[in-house]
Amino acid sequence: MARDFDLSERQEMALWCFPIVCDLLGEQYGRALGPRHTAVRVVAFTHSQLWRAMLLDDQNEIRKLRGEMSWNVQRLGLPPGFADELDDLVLDELMEVVTQRFHRSPMKSSVCSHILLQVARSLVYATEAVAAA
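This text gives an overview of the structure that appears in the document. (Residues numbered from 1 in each chain as written. Predicted model: local features only at pLDDT ≥ 70, side-chain atom pairs only at ≥ 80, totals over all residues. Heavy atoms only, no water.)

### Points about the nonpolar core
Here is step 1 of the chain: With 41 residues, the main nonpolar core has Met 13, Trp 16, Leu 25, Tyr 29, Trp 51, Leu 55 and Leu 116 as its most contacted residues.
Here is step 2 of the chain: Elements represented by at least two residues in this core include exactly α1 (7–33), α2 (40–56), α3 (59–75), α4 (82–101) and α5 (106–122). (Core = buried A, V, L, I, M, F, W, Y, C linked by side-chain atoms within 4.5 Å. Buried < 20%, exposed > 50% of the residue type's maximum accessible area, 1.4 Å probe, protein only. Helix = DSSP H or I, 4+ residues; strand = E, 2+ residues; numbered from the N terminus.)

Okay, structure coming up:
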């Protein structure tokens, strides 16, 4: 049973997650393209914005940014599943951060974990694996 979360809960989570996601994606795109590649910052920022939109459950922005990401991955000659692999890394990292950051606040940890579970359900590769969760 899906739970609707208050927009303020999603906004708060998107706010503190954004720098974590930006750093992780910037590092990963830098490894794949070379740290001095001119597109690293742009593609990492766009991918980070996609994560922000997913955390906020902004479907219009998600559609727009998924298209942009698909075009960026293709234009940069990255493997087709590259962004999906990075999404997996981001999801793992954010779950770890939630566990560590809110270990003394079970309610907050639960809210954040459920938001991430909803995001995981929306990821392209995750439909079958997460549906069982």
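### A short note on the packing of α2 against α3
Here is step 1 of the chain: At a minimum axis distance of 9 Å, the contact between α2 and α3 shows a crossing angle of 155°. For the element pair α2 / α3, the angle class is roughly antiparallel. Pair α2 / α3 crosses with left-handed handedness. The residues of α3 that touch α2, namely those facing Val 43, Thr 46, His 47, Gln 49, Leu 50, Ala 53 and Met 54, are Glu 61, Ile 62, Leu 65, Arg 66, Glu 68, Met 69 and Asn 72.
Here is step 2 of the chain: A class-by-class count of the residues in the contact of α2 with α3 yields seven nonpolar, four polar and three charged. (Axes fitted to C-alpha atoms, helices over the stretch in contact; angles between N-to-C directions. Parallel < 35°, antiparallel > 145°, perpendicular 65-115°, else oblique. Left-handed = near helix turned anticlockwise from the far one by under 90°. Contact = heavy atoms within 4.5 Å. Nonpolar A, V, L, I, M, F, W, Y, C, P; charged D, E, K, R; others polar.)

### Some remarks on the side chain of Ser 109
Here is step 1 of the chain: With respect to the secondary-structure elements, Ser 109 resides in helix α5.
Here is step 2 of the chain: Note on Ser 109: relative accessible area 17%, which makes it buried.
Here is step 3 of the chain: With residues near it in sequence (within four places) discarded, Ser 109 still touches Val 98 and Phe 102.

### Some remarks on the side chain of Gln 28
Here is step 1 of the chain: Its location among the elements puts Gln 28 in helix α1.
Here is step 2 of the chain: Setting aside its immediate chain neighbours within four residues, Gln 28 contacts Phe 82, Leu 86 and Leu 89.

Everything listed is a geometric property; what it means functionally is a separate question.
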